[in-house]
Amino acid sequence: MTQPNIVLPGPVETALGLLETAGFEAWVVGGCTRDALLGDTPKDWDITTSALPEETLSVFSDYRTIETGLQHGTVAVLLDDMLLEITTYRVDGTYKDSRHPDAVTFTRTLGEDLARRDFTMNAIAYSPARGYEDLYGGAADIEAHLIRCVGDPETRFTEDALRILRALRFSSVLGFAIEEKTSSAIHALKERILHVAWERISAELLQLLCGKDVYRVLQDYRDVFAVLFPELKPCFDFEQKNPWHIYDVYTHTCHAVEHIEPEPELRLAMLLHDLGKPETFFTDDKGVGHFYGHAKHSARIADDIVHRLKLSTAMQDEVRTLVEFHDYPLEATDHILLRRLHKFGPDTLRHLILVQRADCLAQNPAKTGEDLDRLSTIEQKLNILLNKDPVYRTRDLAVDGGDLIALGMEPGPQMGAFLEDLLEAVMAGDLPNERESLLAYVREKGMKP
Ligand code: ATP
Ligand code: MG
């Protein structure tokens, strides 16, 4: 198959040219070649070369180089503000633990380097001087939107089980199907993912969740997700027996994930939001299913999961909060919105609106129209409110602790509680946020023994 030439950024072309002039082979390879063939702009450009790392260093001796990846054969070079990773052709040795090659050896043969790569679409090399080297039919697979292992899938997933999640990630993000043998090997070897470090699992999983085809991947590979999160299993095929729901809990969950904006913490919160449903389920005397208190229960389970994923503390907190309050009552009145701003802050409150909308969109469309309209109104009101510098924190009040002390109040928790009362009176619209009015209120109410 003839492919069009890839237009390379200037610094990439310069780097390839310098290596070739010095007598080495040099190509762009991996994600950048794949993305260019897809018509997407590559995020970064990786170069593979026959030059050994020391040889690469001497070719780029006039440039800034970073040697941190040297033992894997990678030299990073700064060329006109562009950081390029230049890696020597490499053969990964045997894998004893399903995650790390026991040894890395360098080779002078491009074919050997391409053979170690995970998928055919990631094993295409291109150089302006040499054209394409596509030994595994990667370009045809890209055209057919197919993810296929280089070589025998079972061997490749046994060597490095992270590839299982990479396959699912690419499938979700690119919208590609997974070729049959590769897919069967994923199902067969899924338990091996637990050999992989959770930090690496997390990085792939969060990208996967943000992909456009996340619904299909979550459904077709639910057995794989259940290896990472056994807590999902009770949700599979769990009928809700409730007129608001037309899907079982897991299917509803997958729809909720696809209906929220592709931000990692939002997508993860939707994946976890109903985990507490199976355990809190009961049917009333009419046979209708209910899940009272499930959000709190989900949050407890989510807490374990966000720890397991080793997310940043800020992200753990956000996901847990979004899960715990995913069905928290919101209303389009200024007073309730101010209270919610007080409780959650503007960013999390905006997220909660998105969470509730995605949750609705994954329910019975015949019943959720009103709720969706209500959420739009809430969002509009919140935007208007936030444009008016609203008072929703005690520090926004026109008086502070110092004023209360000046009026004879003892510092301490009671004073904090009094400021909260004052804030509530202002948020309720009972008091204007003006110094004189607040001081008068303090004198009247706060000074009583
Ligand atoms: P992205 O767009 O996420 O950067 P990528 O394909 O460039 O996708 P990288 O992790 O940057 O992914 O890896 C660069 C290349 O290295 C891949 O295209 C692939 O050829 C190879 N590669 C990366 N990880 C593995 C792996 N676990 N097993 C085999 N080859 C891998
Ligand atoms: Mg890359």
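Look up: the structure comes first, before these words.
Here we summarise the structure given alongside this text. Keep in mind that this is a model prediction, so the values were computed, not measured.

**Some thoughts on helix 8 (residues 180–189)**
So, step 1. Those residues of helix 8 not exposed but buried are Thr182, Ser183, Ala185, Ile186 and Leu189. End-on, the buried residues of helix 8 take up no more than an arc of 160°, which puts them together on one face. Exposed side chains of helix 8 directed beyond 90 degrees from the buried face belong to Glu180 and Lys181.
So, step 2. In the core, the buried residues of helix 8 are packed alongside strand 10 (146–147), helix 6 (153–159), helix 7 (162–174), strand 11 (177–178) and helix 11 (222–228).
So, step 3. Here helix 8 starts with a cap whose side-chain oxygen sits 3.0 Å from the backbone nitrogen of Lys181, and that cap is Glu179.

**Focus: the packing of aromatic side chains**
So, step 1. Summed over all chains, the structure comprises 10 aromatic pairs.
So, step 2. A ring pair is formed by Phe236 and Tyr250, whose centres lie 4.6 Å apart and whose planes are at 75°; its orientation type is edge-to-face. Residue Phe236 is found in the loop between helix 11 and helix 12 (249–259), and its partner Tyr250 is found in helix 12; the two are separated by 14 residues along the sequence.
So, step 3. The exposure class assigned to Phe236 is buried, which follows from its relative accessible area of 14%.
So, step 4. In this structure Tyr250 comes out as buried when scored by relative accessible area, which is 1%.

**Considerations on the sheet that holds strand 8 (residues 125–127)**
So, step 1. Judged by pairing direction, the sheet is mixed, and its seven strands sit side by side in the order 3-4-5-2-1-8-9 without closing on themselves. Strands with a single pairing partner mark the edges of an open sheet, and in this sheet they are strand 3 (64–66) and strand 9 (131–133). Sheet twist, expressed as the average angle between the axes of neighbouring strands with direction ignored, equals 35°.
So, step 2. Two elements, strand 3 and strand 4 (residues 74–79), share three bridges in a ladder whose sense is antiparallel. Considered in strand 4, the bridge of Arg64 is made with Leu78.

**Considerations on the site of ligand 1**
So, step 1. Near ligand 1 there are 14 residues, and of these Arg34, Lys43, Asp160, Arg163 and Arg169 occur at the shortest range.
So, step 2. One of the side-chain N or O atoms of Arg117 is found 3.0 Å from an oxygen atom in ligand 1.
So, step 3. Starting from 580 Å² of accessible surface for ligand 1 in isolation, the protein chains cover 78%.
So, step 4. Here ligand 1 is seated within the largest pocket.

**Some points on the nonpolar core**
So, step 1. Leu168, Phe225, Leu268, Leu272 and Leu422 are the most contacted members of the largest nonpolar core, which has 106 residues in total.
So, step 2. Take this core: its biggest share by element is 11 residues, from helix 17 (residues 334–361).
So, step 3. With sequence-adjacent residues up to four places away left out, Leu272 is seen in contact with Ser298, Ala302, Ile305, Val306, Val319 and Val323.
So, step 4. Of all hydrophobic cores here, the second largest spans 22 residues; its members include Ala26, Phe60, Ile86 and Tyr126.

**Brief notes about the environment of His351**
So, step 1. Checked against the element boundaries, His351 lands in helix 17.
So, step 2. Look at His351 and you get buried, because its relative accessible area is 18%.
So, step 3. For His351, the residues in contact, after removing those within four places along its chain, are Glu265, Leu266, Glu318 and Leu322.
So, step 4. Within the structure, His351 has its side chain in polar contact with the side chain of Glu318 (distance 2.6 Å).

**Brief notes about the side chain of Gln3**
So, step 1. Tracing the chain through its elements places Gln3 in the segment before helix 1 (10–21).
So, step 2. Once residues lying within four places of it in the same chain are set aside, the contact partners of Gln3 are Leu37, Tyr132, Ala139 and Glu143.

**A few points about the layout of surface pockets**
So, step 1. By volume, the largest pocket is sized at about 1,300 Å³.
So, step 2. For the lining of the largest pocket, the secondary-structure elements that each account for two or more residues are helix 2 (31–37), strand 2 (46–49), strand 5 (82–88), strand 6 (90–92), helix 7 and helix 9 (198–209).
So, step 3. The element best represented in the lining of the largest pocket is helix 7, accounting for five residues.
So, step 4. Within the lining of the largest pocket, the residues separate by chemical class into 11 nonpolar, nine polar and 18 charged.
So, step 5. Size it by volume and the second largest pocket reaches roughly 580 Å³.
So, step 6. Surrounding the second largest pocket, 22 residues form its lining, His245, His294, Asp327, Asp359 and Gln363 being those nearest its centre.
So, step 7. Counting only elements with at least two residues in the lining of the second largest pocket, the list comes to strand 13 (289–290), helix 17 and helix 18 (369–386).
So, step 8. No other element matches helix 17, which puts three residues into the lining of the second largest pocket.
So, step 9. Its residues placed into classes, the lining of the second largest pocket shows seven nonpolar, nine polar and six charged.

Rules and cut-offs
- Residues numbered from 1 in each chain as written.
- Chains lettered and ligands numbered in written order.
- Predicted model: local features only at pLDDT ≥ 70, side-chain atom pairs only at ≥ 80, totals over all residues.
- Heavy atoms only, no water.
- Buried < 20%, exposed > 50% of the residue type's maximum accessible area, 1.4 Å probe, protein only.
- Helix = DSSP H or I, 4+ residues; strand = E, 2+ residues; numbered from the N terminus.
- Arc of directions from axis to C-beta.
- Contact = heavy atoms within 4.5 Å.
- Polar contact = N/O pair within 3.5 Å; in protein donor to acceptor, adjacent residues only side chain to side chain.
- Phe/Tyr/Trp six-rings, centres within 6.5 Å; stacked < 30°, edge-to-face > 60°.
- Pairing = 2+ DSSP bridges.
- Axes fitted to C-alpha atoms, helices over the stretch in contact; angles between N-to-C directions.
- Near = heavy atom within 4 Å.
- Areas by Shrake-Rupley, 256 points an atom, 1.4 Å probe, with all protein chains shown as cover.
- 1 Å grid on protein atoms, 1.4 Å probe; cavity = no way out; pocket = protein on both sides within 12 Å on 5 of 7 lines; lining within 4 Å.
- Sits in = over half its atoms within 2 Å of the grid points.
- Core = buried A, V, L, I, M, F, W, Y, C linked by side-chain atoms within 4.5 Å.
- Points joined across faces, edges and corners; volume = space filled by probe spheres on them.
- Nonpolar A, V, L, I, M, F, W, Y, C, P; charged D, E, K, R; others polar.

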